[in-house]
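# Fold and geometry: a report
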Amino acid sequence: VVLFADDMGAGDPSVYGHPTIRTPNIDQLASDGIRFTQWYSAFHVCSPSRAALLTGRLPIRSGCAGSGPTGGVFINTAVGGLPTNETTIPQLLKPKGYATAAVGKWHLGQRDEFLPTSQGFDEYFGLPYSDDMGASAWTSETGIPLPLLHNKTVIEQPTNLGTLTQRYADYCHDFIERNKDNHFFLYMAFN
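Residues numbered from 1 in each chain as written. Predicted model: local features only at pLDDT ≥ 70, side-chain atom pairs only at ≥ 80, totals over all residues. Heavy atoms only, no water.

## Side note on the pattern of salt bridges
Let me state the cut-off plainly: The term salt bridge refers to a pairing of a side-chain nitrogen on Lys or Arg with a carboxyl oxygen on Asp or Glu at a separation within 4 Å. Elements are defined by DSSP. Helices are runs of H or I of four residues or more, strands are runs of E of two residues or more, and each kind is numbered from the N terminus. Classification of residues uses two cut-offs on accessible area relative to the type maximum, computed with a 1.4 Å probe and protein chains only: under 20% is buried, over 50% is exposed, and between them is partly exposed.
The full count for this structure, using the stated rule, is six salt bridges. For Glu156, the salt bridge is made with Arg167, and the minimal N-O distance between the two is 2.8 Å. You can see Glu156 sitting in strand β5 (residues 153-156) and its partner Arg167 sitting in helix α5 (residues 164-179), a full eleven residues away along the chain. Using a relative accessible area of 21% as the deciding quantity, one classes Arg167 as partly exposed. Between Lys180 and Glu177 there is a salt bridge whose closest N-O contact spans 3.1 Å. Residues participating in the shared-partner salt-bridge network are Glu123, Asp174 and Arg178.

## With respect to the sheet that holds β5
The strands that make up a sheet are held in pairs by hydrogen bonds between backbone atoms, and each pair lies either parallel or antiparallel. Condition: Whether two strands pair comes down to DSSP finding at least two bridges between them. For helices, the axis comes from a line fit to the C-alpha atoms of the stretch in contact; other axes are also lines fit to C-alpha atoms, and the angle between any two N-to-C directions lies between 0 and 180 degrees.
Spatial strand order, β1-β6-β2-β3-β4-β5: six strands in an open sheet with mixed pairing. One side of each edge strand has no neighbouring strand; the edge strands of this open sheet are β1 (2-4) and β5. Neighbour-to-neighbour, the strand axes of the sheet open up by a mean angle of 20°, direction not taken into account. Of the pairings in the sheet, the one linking strand β2 (residues 99-104) to strand β3 (residues 123-126) comprises three bridges and is parallel in character.

## Digging into α5
Note the following rule: A helix's residues, less one, multiplied by 1.5 Å, set its expected span. As used here, the arc is the angular range of directions from the helix axis to the C-beta atoms. The contact criterion used is simple: two residues touch if any of their non-hydrogen atoms lie within 4.5 Å.
The end-to-end C-alpha separation of α5 is 23 Å, in line with the 22 Å expected for 16 residues at 1.5 Å each. All of the buried residues in α5 are Leu164, Tyr168, Tyr171, Cys172, Phe175 and Asn179. For α5, the buried positions fall inside an angular range of 100° around the axis, keeping them on one side. Where α5 is buried, its residues meet β2, β3, β4 (148-150) and β6 (184-189).

## A look at the pairing of β2
Within β2, six of the six residues are buried, which leaves the element mostly enclosed by the surrounding structure. The pairing of β2 with β6 spans six bridges and is parallel. Following the sheet pairing, Val103 is matched in β6 by Met188.

## Some points on the side chain of Thr159
Selection rule: We call two N or O atoms a polar contact when they sit within 3.5 Å, provided that within protein one can donate a hydrogen and the other can accept it, with sequence-adjacent residues counted only if both atoms are side-chain atoms.
With respect to the secondary-structure elements, Thr159 resides in the loop between β5 and α5. Assessed through its relative accessible area of 4%, Thr159 is described here as buried. Within the structure, Thr159 has its side chain in polar contact with the backbone nitrogen of Leu148 (distance 3.1 Å). Those residues in contact with Thr159 that sit more than four places away from it in its chain are Leu127, Ser136, Leu146, Pro147, Leu148, Leu164 and Arg167.

## Quick look at the environment of Gly143
Within the element layout of this structure, Gly143 appears in the loop between β3 and β4. Sequence spacing of Gly143 and Ile155 is twelve residues, and the spatial spacing of their C-alpha atoms is 18 Å.

## Let's talk about the packing of aromatic side chains
Put simply, the rule reads: Centres within 6.5 Å are what make two rings of Phe, Tyr or Trp a pair, Trp counting through its six-membered ring; a difference in plane orientation under 30 degrees is then read as stacked, over 60 as edge-to-face, and the rest as tilted.
Enumeration according to the criterion identifies eight aromatic pairs in this entry. For the ring pair Trp106 and Phe121, a centre distance of 6.1 Å and an interplane angle of 90° mean the geometry is edge-to-face. Taken together, the positions of Trp106 in the loop between β2 and β3 and Phe121 in the loop between β2 and β3 put the pair 15 residues apart, joining distant regions of the chain. Ring centres of Phe121 and Phe185 lie 6.2 Å apart, and the angle between their planes is 20°; this geometry places the pair in the stacked category. Taken as a pair, Phe121 in the loop between β2 and β3 and Phe185 in strand β6 lie far apart in primary sequence, 64 residues in all.

## A few points about the environment of Gly104
Within the secondary structure layout, Gly104 lies in strand β2. Sequence spacing of Gly104 and Cys172 is 68 residues, and the spatial spacing of their C-alpha atoms is 9.8 Å. Leaving out residues up to four positions away in the same chain, Gly104 has contacts with Tyr124, Phe125, Gly126, Leu127, Tyr168, Met188 and Ala189.

Given below as structure tokens:
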């Protein structure tokens, strides 16, 4: 299980010493699992950092970096995405018998050929881009209503962001339960 969070500092969870933020569930995961004490993100914004984690390559090498402070971020009308010739973690794990799922914010291209199920994942449940890039009750964004996808099918548009985190958790729980007796890889990317 890999948890990926935007805008979260290494010292934000209480397990890493934050004096006022309490994160008992993250603390329990750290206690029961592996606790990493060093991490260097390959980029400071969404798409390039996700591409780097999933491919193990610097964003500039996968074509997912650009100039400016938001360089390399795939917007909701982008025609590109993570190149299909890049090798991702789930593509390496599937031949070894792993079930794979991506849940949450993808942000590596919203066209069919760039979605998680085209990049090695068996399942996908989430938003194809950032929750502030589509119209919803939570944003002032106009235009395309924010879509929620299951695999490559839009199942809700605009997405109800008020219930999304719980639905992500429910999907992850279901995936783990369905695969608890087998090898699995779950990538949960928070918005």
